[in-house]
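# A structural walkthrough
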Amino acid sequence: MNLKNKLLAQQIYLFLAALFITSLVVSNLIFQKFFYWYPFEFEFFGTKLFEVSVGILPYPITFLITDLISEIYGKKRANQVVVAGIFASVFSLLIIFISNAVPATSWSPVDNGTFSLVFGGTAIAVFASMMAYLLAQFVDIHIYHFWKNLTKGKHLWLRNNFSTFASQFIDTAAVLLLLCAFEKIAWTNFYGLLLSGFIFKVIIAILDTPLLYLGVYIFRKKFNLKVNEEIDML
């Protein structure tokens, strides 16, 4: 690969990393709003399909991006993005903590109570999300490369979905366990939210498979990559 293409690959990697980190941090900030979507008349443990946090909307993007980076740039680069995401989450938590601590002026459009109501639970949310995310993302990357090595780079759909299904279940369960333990969510809602959230993520994972195929196709065509070949930017 010539220098021009290596620079382009580096720029694309940075944009993917930025999209990944933004999706992760935003999902931690907006998690307290729950929405509903009822395509089926079905309930799990008193929870309808689907009643899930809006934080779940940008979160699957992170798994799509790490799978794309794993496929094109390799396992090391994917792990680097995960670590960067952890740092960004901790830093955002620090900013929110300080912002919540300083007093609002009498004329502030958002008073102390409103700010605390919206962001007051963010510290616990970010902590819960980080612990779950750290475990889930490393599981995702590990399983992805296990199947990639086993199939010698073939059957992209298999490693994409198998890695995401396992990691998303771990992520959903870990987040809910921590949030229930911190009494942010009632334990009576645990199983319903677990199944509802996991099934929703599975549907999203299946739907994003064509996007992964498209991304891999574009990269391979642009950089003349063979099946199972990765970009070495160093």
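Residues numbered from 1 in each chain as written. Predicted model: local features only at pLDDT ≥ 70, side-chain atom pairs only at ≥ 80, totals over all residues. Heavy atoms only, no water.

### Some words on the overall build of the chain
Just so we agree on the cut-off: In DSSP terms, a helix is any run of H or I states spanning at least four residues, a strand is any run of E spanning at least two, and both are numbered starting from the N terminus. Just to be clear, the radius of gyration here is over C-alpha atoms, and the globule rule we use is 2.2 Å times residues to the power 0.38. Exposed residues in this analysis have more than 50% of their type's maximum accessible area, buried residues have under 20%, and partly exposed residues fall in between, with area computed by a 1.4 Å probe over protein chains only. Shrake-Rupley sampling with a 1.4 Å probe provides the accessible areas, and residues are treated as covered by the protein chains on show and by no other component. Asp and Glu are treated as the negative residues and Lys and Arg as the positive ones, with His and the ends of the chain left uncounted. Note on charges: their place is set at NZ of Lys, CZ of Arg, CG of Asp or CD of Glu.
Counting its regular elements, the chain contains eight helices and four strands. Shown N-terminal to C-terminal, the secondary structure of the chain runs as helices and strands in the order α-β-β-β-β-α-α-α-α-α-α-α. Compactness check: the chain gives a C-alpha radius of gyration of 19 Å against a globular reference of 17 Å for 234 residues, within 12% of the reference. The C-alpha extent of the chain, read off along each of the three principal axes, is 60 × 45 × 25 Å. Burial analysis of the chain (234 residues in total) assigns 44% to the buried set. As displayed, the chain has an accessible area near 12,600 Å², and 71% of this comes from carbon and sulfur atoms. Positive and negative charge centroids in the chain, built from 17 and 13 side chains respectively, lie 14 Å apart.

### Considerations on helix 2 (residues 59–72)
In plain terms, the rule: By this rule, a helix spans an expected 1.5 Å times one less than how many residues it contains.
Under the 1.5 Å per step criterion, the end-to-end length of helix 2 is 21 Å for 14 residues, consistent within 8% with the ideal 20 Å. Along helix 2, 13 of the 14 residues are buried, which leaves the element largely enclosed by surrounding structure. Two residues or fewer past helix 2, Gly 74 is found with a positive phi of approximately 105 degrees.

### Brief notes about the environment of Ala 17
Mapped onto the elements of the fold, Ala 17 is located in helix 1 (residues 3–29). Given the relative accessible area of 13%, Ala 17 is considered buried.

### Remarks on the confidence of the model for the chain
The condition that has to hold: The score called pLDDT rates the predictor's confidence residue by residue, from a low of 0 to a high of 100.
Counting all residues, the mean pLDDT for the chain is 84, and 95% of those residues have values of 70 or more. Across the chain, the secondary-structure element scoring lowest on mean pLDDT is strand 2 (residues 43–44), at 71, and the one scoring highest is helix 8 (residues 209–223), at 91.

### Some remarks on the environment of Ser 23
Let me state the cut-off plainly: We call two residues contacting when some pair of their heavy atoms lies within 4.5 Å.
By secondary structure assignment, the location of Ser 23 is in helix 1. We classify Ser 23 as buried; its relative accessible area is 6%. In this structure, the C-alpha to C-alpha distance between Ser 23 and Gly 85, residues 62 residues apart in sequence, is 9.5 Å. With residues near it in sequence (within four places) discarded, Ser 23 still touches Pro 58, Ile 61 and Thr 62.

### Focus: a nonpolar patch on the surface
The cut-off we apply is this: A residue counts toward a patch only above 30% relative accessible area and without a salt bridge, and it is joined to like-charged neighbours within 9 Å or, for Val, Leu, Ile, Met, Phe, Trp and Tyr, to nonpolar neighbours within 5 Å. Note on definitions: salt bridges are taken to be side-chain nitrogens of Lys or Arg within 4 Å of carboxyl oxygens of Asp or Glu.
There is a patch of nonpolar side chains on the surface, built from Phe 87, Phe 91, Leu 94, Ile 95, Phe 97, Ile 98 and Val 102 and spanning about 730 Å² of accessible area. By secondary structure assignment, the location of Val 102 is in the loop between helix 3 (75–101) and helix 4 (112–119). Under the relative-accessibility criterion, Val 102 is labelled partly exposed at 46%.

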